[in-house]
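If you want the building blocks of each chain, they are given just below.
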Amino acid sequence: MALVLASTFGLSLVSANAAQAGPNGTCALGEVCLYFNSGENGLNAYYPQTSNIPSYLHYNFAASQYGSYGAGQSVMNNAAYVNNRNDRALGIFWGSNYSCAVACQEILSFQAADLKSSMKNNNASGDGF
């Protein structure tokens, strides 16, 4: 409805779905991609993050160019690898709401890394946009 009204009145609105474009199979420039498997295990499904996320609970992995193993699984507590194709460092946090009380890990801009053992499959939030 909003898009119909916007086109009628010549306004430029972007839907929530367009603002976070969603998975297209590859990790694009400007995205930070979390992968279901570590680099040594073939990566597989991924989630392209384009904004701060205080809880990964309701975000799911999708098939990537590397495969679909893990697709449909929650990103929360299931990520093993991060490819940061953004110009800012990203913090991955063990706790929701960017809590580093137990553990956290910084992935520098334009870097990729397996999550350290305390963070692998123990990720709850990501901040850096």
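The structure this text deals with has already been given above.
The sections below set out a description of the structure shown in this document. Starting afresh in each chain, residues are numbered from 1 along the sequence in its written order. Selection of residues for local features in this predicted model requires a pLDDT of at least 70, selection of side-chain atom pairs for listing and counting requires 80 or more, and totals for whole chains, interfaces and linings are taken over all residues. The side-chain values count all of the structure's non-hydrogen atoms but skip hydrogen atoms and water molecules.

**Remarks on the overall build of the protein**
Part 1 of the reasoning: By definition, any uninterrupted DSSP run of H or I lasting at least four residues is a helix, any uninterrupted run of E lasting at least two residues is a strand, and each is numbered from the N terminus. Secondary structure assignment for the protein yields 2 helices and 7 strands.
Part 2 of the reasoning: Moving toward the C terminus, one meets the helices and strands of the protein in the order α-α-β-β-β-β-β-β-β.
Part 3 of the reasoning: Each residue is placed in one exposure class: buried if its accessible area under a 1.4 Å probe, protein chains only, is under 20% of its type's maximum, exposed if it is over 50%, and partly exposed if it falls in between. Across the 129 residues that make up the protein, the buried fraction comes to 38%.
Part 4 of the reasoning: Pairs at least 24 residues apart make up 60% of the contacts formed inside the protein by residues separated by at least 6 positions.
Part 5 of the reasoning: Note that accessible areas follow from Shrake-Rupley with a 1.4 Å probe, and for residues the cover is restricted to the protein chains shown. If you sum the accessible surface of the protein, you get close to 6,800 Å²; carbon and sulfur atoms cover 52% of it. Between two residues, a contact is recorded if the distance between any of their heavy atoms is within 4.5 Å.

**A few points about the packing of aromatic side chains**
To describe a pair of aromatic rings, you give the distance between the ring centres and the angle between the ring planes.
Part 1 of the reasoning: Between the rings of Phe, Tyr and Trp (Trp by its six-membered ring), a pair exists once the centres lie within 6.5 Å; its type follows the angle of the planes, with under 30 degrees stacked, over 60 edge-to-face, and the other angles tilted. Across all of its chains, the model carries 7 aromatic pairs by this definition.
Part 2 of the reasoning: Between F36 and Y69, the ring centres sit 5.3 Å apart and the planes meet at 75°, which makes this aromatic pair edge-to-face. Remark: Y69 occurs in the loop between β2 (46-49) and β3 (81-84) and F36 occurs in the loop between β1 (32-35) and β2; sequence separation between them is 33 residues.
Part 3 of the reasoning: With relative accessibility at 15%, the residue F36 sits in the buried group.
Part 4 of the reasoning: Residue classification places Y69 among the exposed positions, given a relative accessible area of 53%.
Part 5 of the reasoning: Connected via pairs of aromatic rings, a cluster forms that spans Y35, Y46, Y66 and Y81.

**Section: the sheet that holds strand β4 (residues 90-95)**
Part 1 of the reasoning: Whether two strands pair depends on DSSP finding at least two bridges between them. Taken in spatial order, the 3 strands make up an open sheet running β5-β4-β7, and their pairing is antiparallel. One side of each edge strand has no neighbouring strand; the edge strands of this open sheet are β5 (99-107) and β7 (125-127). Sheet twist, expressed as the average angle between the axes of neighbouring strands with direction ignored, equals 25°.
Part 2 of the reasoning: Taken together, the 3 bridges between β4 and β7 define a ladder with antiparallel strand orientation. Counted as the bridge partner of G91 is D127 from β7. Note on method: axes are straight lines fitted to C-alpha atoms, helices fitted across the in-contact stretch only, with angles between N-to-C directions ranging 0 to 180 degrees.

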